[in-house]
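Residue-level structural notes
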Amino acid sequence: MIRERTKLHEKLQEALSAVLPIIAIVLVLCFTVAPLSPGILLCFLCGAVMLIVGMMFFTLGAEMSMSPMGERVGSSLSKCRSLLALTALAFALGFVVTISEPDLQVLAGQVPSIPNMTLILAVAGGVGVFLAIALLRMLLGIALPPLLVGCYALVFLLAFQIPKDFVGVAFDSGGVTTGPMTVPFILALGAGISAVRGDRHAASDSFGLVALCSVGPILAVLLLVKIYQPENSTYTVTQIPTVTDSVELAKMFAEGLPEYLKEIAVSMLPILGFFGIFQILVLKIGKRPLTRIGIGLVYTYVGLVLFLTGANVGFMPAGTYLGEVLAGLSYRWIIVPIGMLIGYFIVKAEPAVYVLNKQVEEITDGAIPASAMGASLSIGVACSVGIAMLRVLTGIPILWILIPGYGIAIGLSFFVPKIFTAIAFDSGGVASGPMTAAFLLPLAQGACSAVGGNIVQDAFGVVAMVAMTPLITIQILGVIFQLKSKKAKGRAPLPAGATAWDLMDEDAIIEL
């Protein structure tokens, strides 16, 4: 009990350090250039409190439950001698953990002319197929960069064959379906498989599952748009609620809370069912660790309910309102640097980012510290939000940015250590989570509405941008690692005829 209290206090400190900068930025804006109505401001502050408490419980719960569950399932899957059975199990796992992801339900309502259930089943199938491919890649030792080249070549080939109104939504789908419910489990799954392998490439191959799973939804949406050929892409920005007193404010949260209580319960059931089958047939975990996992699941559930309620009920109206006000100023360009500042700090509040950074630090024995990962992700997201706001103001086509961006990212993958490539492509899906959907996307939509732009073409794509730029910044971190490695080896005496690079293992890690 004392240990859990200490952990909760530690997680509370982490949540405060992640959310307080966002609160400070919004408060400065609302008392200077972008005044908020008292009702919207109070709604935002209440949402922020729920965000902090939700992050505290979620990060502790994921550490106690999702990570151990994923690692144990991964270890048991890696012992499967039949590749056919392994592929089927991986597909089933990817399908069930995706089909009830909360953000997928939102995505389904954003693609007109395609039945919601058709889209949901297709996206879940896409994740299932690519999770199976990702696990086979790990077990067979297939290099990640060539796979990424093939996948994204197919993605961009299809992107040129569908109406441009739907390109942003398709790329956004890759980020929203790898949400806080599935990412901790999938990351731990990779760690469990690599722990059983134990070879020198295991650490780098433990990452990359989220990277490939993010491709499946993009392909699924592109294919469906091509098949259904929808002609209209009308989208209306969600109306900003009018809050005149504390009773109406309480009513807003009281109406939202039951919805997320049900949504997260439905989201967790498939993972619990899958783990329960493994526990009965294969794992047979003891009573004490199983009880700890159960307590962790309760924490995860409570944390996600509070987090998503705070983000969607409290932050979403504030994001839309701020976007409208900032883009309505005579000096509307100011939304670009302000968006970059918000983007720099908001990624720290993504619940799955904490899980990724912690796992990277643990698997590399602290050689890639969470602080270096956090700084690289923040810089990447700041750049992506700045570009997204520039698109809102100018209407630059999204493919003009995505094609060179992914080209640079995939090009870097052939030169940096493999572990950085895998971590980078995982981080893209992890960084584009519920905070991006609940605050940054409404910010772009509000701004687009104020400037009279096309919301589907110009505002959608924020999630895609946030998913793209970390691929570059994390791999630049890998370039820095290589330079430091060469410099460190250069100081050591070398055998005759040998060079520092010749003696260094390609997956070696040096303290950054």
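Conventions we followed
Residues numbered from 1 in each chain as written. Predicted model: local features only at pLDDT ≥ 70, side-chain atom pairs only at ≥ 80, totals over all residues. Heavy atoms only, no water. Helix = DSSP H or I, 4+ residues; strand = E, 2+ residues; numbered from the N terminus. Contact = heavy atoms within 4.5 Å. Areas by Shrake-Rupley, 256 points an atom, 1.4 Å probe, with all protein chains shown as cover. Buried < 20%, exposed > 50% of the residue type's maximum accessible area, 1.4 Å probe, protein only. Expected span 1.5 Å × (residues − 1). Phe/Tyr/Trp six-rings, centres within 6.5 Å; stacked < 30°, edge-to-face > 60°. Core = buried A, V, L, I, M, F, W, Y, C linked by side-chain atoms within 4.5 Å. Patch = residues over 30% accessible without salt bridge, like charges linked within 9 Å, V, L, I, M, F, W, Y side chains within 5 Å. Salt bridge = Lys/Arg side-chain N within 4 Å of Asp/Glu carboxyl O. Axes fitted to C-alpha atoms, helices over the stretch in contact; angles between N-to-C directions. Parallel < 35°, antiparallel > 145°, perpendicular 65-115°, else oblique. Nonpolar A, V, L, I, M, F, W, Y, C, P; charged D, E, K, R; others polar.

On a plain count of helices and strands, the protein chain comes out with 22 helices and 0 strands. Counted over contacts in the protein chain with a minimum sequence separation of 6, partners at least 24 positions apart contribute 86%. Split by element, the accessible area of the protein chain, about 19,600 Å² in all, is 67% carbon and sulfur.

A separate point is unusual backbone geometry. You will see that Lys-284, though not glycine, has its phi angle at about 50°, which is positive. Within the secondary structure, Lys-284 sits in the loop between α12 (246–283) and α13 (287–327). Judged by its relative accessible area of 56%, Lys-284 is exposed.

Turning next to helix α15 (residues 351–363). Its 13 residues place the ends of α15 19 Å apart at the C-alpha level, agreeing with the 18 Å of an ideal helix rising 1.5 Å per residue. Among all positions of α15, only Pro-351, Ala-352, Val-353, Tyr-354, Val-355, Leu-356, Asn-357, Gln-359 and Val-360 are buried. Just downstream of α15, Asp-365 is the residue with a positive phi angle, here 55°.

All chains considered together, the criterion is met by 12 aromatic pairs. Their ring planes at 65° and their centres at 5.9 Å tell us that Phe-156 and Tyr-406 sit as a pair that is edge-to-face. In this pair, Phe-156 sits in helix α6 (residues 144–159) while Tyr-406 sits in helix α17 (residues 399–412), placing the two residues 250 residues apart along the sequence. The same class applies to Phe-156 and to Tyr-406, which are both buried. Through successive ring pairs, a cluster of aromatic residues spans Tyr-152, Phe-156, Phe-171, Tyr-406 and Phe-425.

Turning next to the nonpolar core. Counting 166 residues, the largest nonpolar core has Val-19, Val-73, Tyr-152, Phe-171, Ile-342, Met-435 and Phe-439 as the members making the most contacts within it. Examining the composition of this core, we find that 15 residues originate from one element, helix α2 (residues 38–78), more than from any other. When sequence neighbours within four positions are dropped, the list of residues in contact with Val-19 reads Ala-48, Leu-51, Ile-52, Met-55 and Ala-349. Core analysis: the next-biggest nonpolar cluster, separate from the first, contains 6 residues, Met-56, Phe-57, Met-64 and Tyr-299 among them.

Moving on to the side chain of Thr-473. Among the secondary structure elements, Thr-473 is positioned in helix α21 (residues 462–491). Sequence-distant contacts of Thr-473, that is, excluding residues within four places in its chain, are made with Ser-376, Ile-379 and Gly-380.

Taken together, the side chains of Ile-277, Ile-280, Leu-281 and Val-282 make up a nonpolar region of the molecular surface, amounting to roughly 430 Å² of accessible area. Its relative accessible area of 62% is what places Leu-281 among the exposed residues.

Turning to the packing of α6 against α17, a few remarks are in order. Running from N to C, α6 and α17 point in directions that differ by 170°, and their axes come no closer than 11 Å. Considering their axes alone, α6 and α17 lie roughly antiparallel with respect to each other. Note on element contacts: α17 touches α6 through Leu-399, Leu-402, Ile-403, Tyr-406 and Ile-410, opposite Leu-148, Val-149, Tyr-152, Phe-156 and Ala-159. For the contact of α6 with α17, a count of residues per class yields 10 nonpolar, no polar and no charged.

So, about the pattern of salt bridges. If you walk through the whole model with that rule in mind, you get 5 salt bridges. Here Lys-7 ties to Glu-63 by a salt bridge, and the two come within 3.0 Å at their closest N and O atoms. Residue Lys-7 is found in helix α1 (residues 2–30), and its partner Glu-63 is found in helix α2; the two are separated by 56 residues along the sequence. The salt bridge involving Lys-11 is made with Glu-10; its shortest N-O contact spans 4.0 Å. Taking the relative accessible area as the measure of exposure, Lys-11 reaches 1% and is therefore buried. Given the relative accessible area of 35%, Glu-10 is considered partly exposed. One connected set of salt bridges, linked through shared partners, spans Lys-7, Glu-10, Lys-11, Glu-63, Lys-358 and Glu-362.

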